[in-house]
Every structure is written in C-alpha cells, then in structure tokens.
Amino acid sequence: MRSNKAVVKVMPPKSGENSIAPHIHEILKELGENPGRDGLQRTPQRVDQALRFLTSGYRMDVQKILNGALYDVKYDEMVVVKDIEFFSMCEHHMLPFFGKVHVAYLPNKKVIGLSKIPRIVDVFARRLQIQERLTQEVAQTIQEVVDPVGVGVIVEARHFCMMMRGVEKQHSGAMTSAMLGAFRTQKETRDEFLALVNHRMNGS
Ligand SMILES: [Zn+2]
C-alpha cells in the first residue's frame, strides 16, 4: 500500500488496430520523453486512434454517402452552401489546417441533398492534404455526381505549420478557389458567388 497509483500495462495491439501505437512510443522516446510516465502511458493508443479518425476520408465512399440523395428539380438558380467548417492535415508536416469551405453550383435539372455537401468536404478533408487539392477535389466530385452547369468552391484556411513553426505568422490565412463550367466561363456567375461569399466574410 505504498502507492495508490494504478498499474497500467501497455495494451498489446489488437489485430491490425493500434499498429501505429508502437511507432508513437518510439517517437516519444526519440523526442526525449519518458513514454512510461503517467500522462503518456496511453498516448500511443490515443494518437493511433486520432490519426485513424483524421484520415478516415480514405475509407469513405462518396456514392455510399450520397445514397441516392439526388433530386430532379426545375430550379435553376444558384445553390450556395457557405461556411462549411473543416479540419484537415497538411501532407508536408502532418499538422492541422482548418477553416471554411464555400460551395456553389448551378443545377442542371438535379440537386443534391444540402446536408451531403459538408459530408463530401469531410471525405477529402480527412486525409493528408494540401489546400489547393482539397479545393479541386470537392469541386470535381460535385461536378461528377450532380452534373451541374457549373461549380464554384472557395476554401479559406489557416495552417498550423505556418502559425506554429519558424514563420509564426499567426494571422496568415490562405484562400484557394476552383471554378468549373459556368463558374469558369461566365463572369457574372462567378461574381454572384464571390459577392455572396464576400458578403459574409466582411461580417455584414
Ligand atoms: Zn504544412
């Protein structure tokens, strides 16, 4: 009864799962930490699970997510979904970048359930990414599955690899856009979308 500390054993990996954990254990040692101390005992398993969640987009299937949520309509005005929050990880440093996605499309007799658009964003955000590719992949996927007259996607993000490392430009953000179809060829369509997004960004 000298100590009331619980004896915690390192859990053996379950088949396939937790296979990242031993590597995290080694990384902790390499960083000069003591992986056996109280606060770090379960850290390798937690990191393992966190990384699998943050990269779960690789294992998602767009068609399954859509599950037929395409509807025939006569509506032909622009559909805009703004301020979709996302969290991703940059493929260069495996540090988070996060921000908002704004999506618009001009329907061609079909619309997609509005709730599906944030889920499509997650498919591509929950991977190792660069912001430019995330923007393109969201636009191209909507183009493919909805087959609209055009798609516009704007991503605003802040990158931990810029905020936390040497550069330390804490307020620096990056904006990227992808314009397909009418959003590329028709200035007024693009301007309508940009005006809607800017309206929000100016806080008005
Ligand atoms: Zn980075």
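So, how was this worked out
Residues numbered from 1 in each chain as written. Predicted model: local features only at pLDDT ≥ 70, side-chain atom pairs only at ≥ 80, totals over all residues. Heavy atoms only, no water. pLDDT = per-residue confidence, 0-100. Helix = DSSP H or I, 4+ residues; strand = E, 2+ residues; numbered from the N terminus. Salt bridge = Lys/Arg side-chain N within 4 Å of Asp/Glu carboxyl O. Buried < 20%, exposed > 50% of the residue type's maximum accessible area, 1.4 Å probe, protein only. Donors = N, O, S within 2.8 Å, 3.2 Å for Na, K, Ca; no water. Patch = residues over 30% accessible without salt bridge, like charges linked within 9 Å, V, L, I, M, F, W, Y side chains within 5 Å. Areas by Shrake-Rupley, 256 points an atom, 1.4 Å probe, with all protein chains shown as cover. Lys, Arg positive; Asp, Glu negative; His and termini not counted. Charge placed at Lys NZ, Arg CZ, Asp CG, Glu CD. 1 Å grid on protein atoms, 1.4 Å probe; cavity = no way out; pocket = protein on both sides within 12 Å on 5 of 7 lines; lining within 4 Å. Points joined across faces, edges and corners; volume = space filled by probe spheres on them. Contact = heavy atoms within 4.5 Å. Arc of directions from axis to C-beta.

Caption draft 1: Inspection of the confidence of the model for the protein chain at higher detail. Taken residue by residue, the protein chain gives an average pLDDT of 89. The fraction at 70 or more is 86%. No element of the protein chain has a lower mean pLDDT than helix 8 (residues 187–201), which averages 87, and none a higher one than strand 5 (residues 128–129), which averages 98.

Caption draft 2: Layout of the pattern of salt bridges. Here the structure, examined in full by the defined rule, presents eight salt bridges. Among the salt bridges present, the one from Arg 52 reaches Asp 48, with a minimum N-O distance of 2.5 Å. Of this pair, Arg 52 and Asp 48 both sit in helix 2 (residues 43–54), four residues apart, roughly one helical turn. Arg 52 gets classed as partly exposed once you look at its relative accessible area, which sits at 30%. For Arg 133, the salt bridge identified is with Glu 91, shortest N-O distance 2.8 Å. Of this pair, Arg 133 sits in helix 5 (residues 131–146) while Glu 91 is found in the loop between strand 2 (79–90) and strand 3 (96–106), placing the two residues 42 residues apart along the sequence. Look at the salt bridges and you will find they share partners, linking Glu 91, Arg 133 and Glu 137 into a network.

Caption draft 3: Focus on the coordination of the zinc ion. Around the zinc ion, the donor atoms from the protein are Cys 90 (SG), His 93 (ND1) and Cys 161 (SG), and they sit 2.1 to 2.3 Å away. Each donor residue of the zinc ion belongs to the same chain, and together they define the spacing C-x2-H-x67-C. On the criterion of sequence distance, the pair formed by Cys 90 in strand 2 and Cys 161 in helix 6 (residues 160–163) is long-range, its members being 71 residues apart. Residue Cys 161 is classed as buried on the basis of its relative accessible area of 9%.

Caption draft 4: Layout of a negative patch on the surface. Residues Asp 76, Glu 77, Glu 188 and Glu 192 make up a contiguous surface patch of negative charge. Note that Glu 188 resides in helix 8. Under the relative-accessibility criterion, Glu 188 is labelled exposed at 66%.

Caption draft 5: Structural detail: the layout of surface pockets. Space inside the largest pocket adds up to approximately 190 Å³. Around the largest pocket, the lining residues are Ile 24, Ile 27, Leu 28, Leu 31, Val 47, Ala 50, Leu 51 and Met 94. Mapped onto the lining of the largest pocket, the elements with two or more residues apiece are helix 1 (21–30) and helix 2.

Caption draft 6: Summary view of helix 4 (residues 116–125). Burial analysis of helix 4 places seven of its 10 residues in the buried class, which makes it a mostly covered element. Within helix 4 the residues assigned to the buried category are Lys 116, Ile 117, Ile 120, Val 121, Val 123, Phe 124 and Ala 125. Contacts from the buried residues of helix 4 go to helix 3 (62–66), strand 2, strand 3, strand 4 (110–112), strand 5 and helix 5.

Caption draft 7: Representation of unusual backbone geometry within the structure. Its identity is not glycine, yet Met 94 carries a phi of approximately 55 degrees, on the positive side. By the element assignment, Met 94 lies in the loop between strand 2 and strand 3. Judged by its relative accessible area of 43%, Met 94 falls in the partly exposed class.

Caption draft 8: Spotlight on helix 1. Those residues of helix 1 not exposed but buried are Ala 21, Ile 24 and Leu 28. Each buried residue of helix 1 sits inside an arc of 55 degrees when the element is viewed along its axis, so together they form one side. Within helix 1, the exposed residues directed more than 90 degrees away from the buried face are His 23 and Glu 30. Next to the buried residues of helix 1 lie helix 2. Gly 32 sits one or two positions beyond helix 1 and adopts a positive phi of about 90 degrees.

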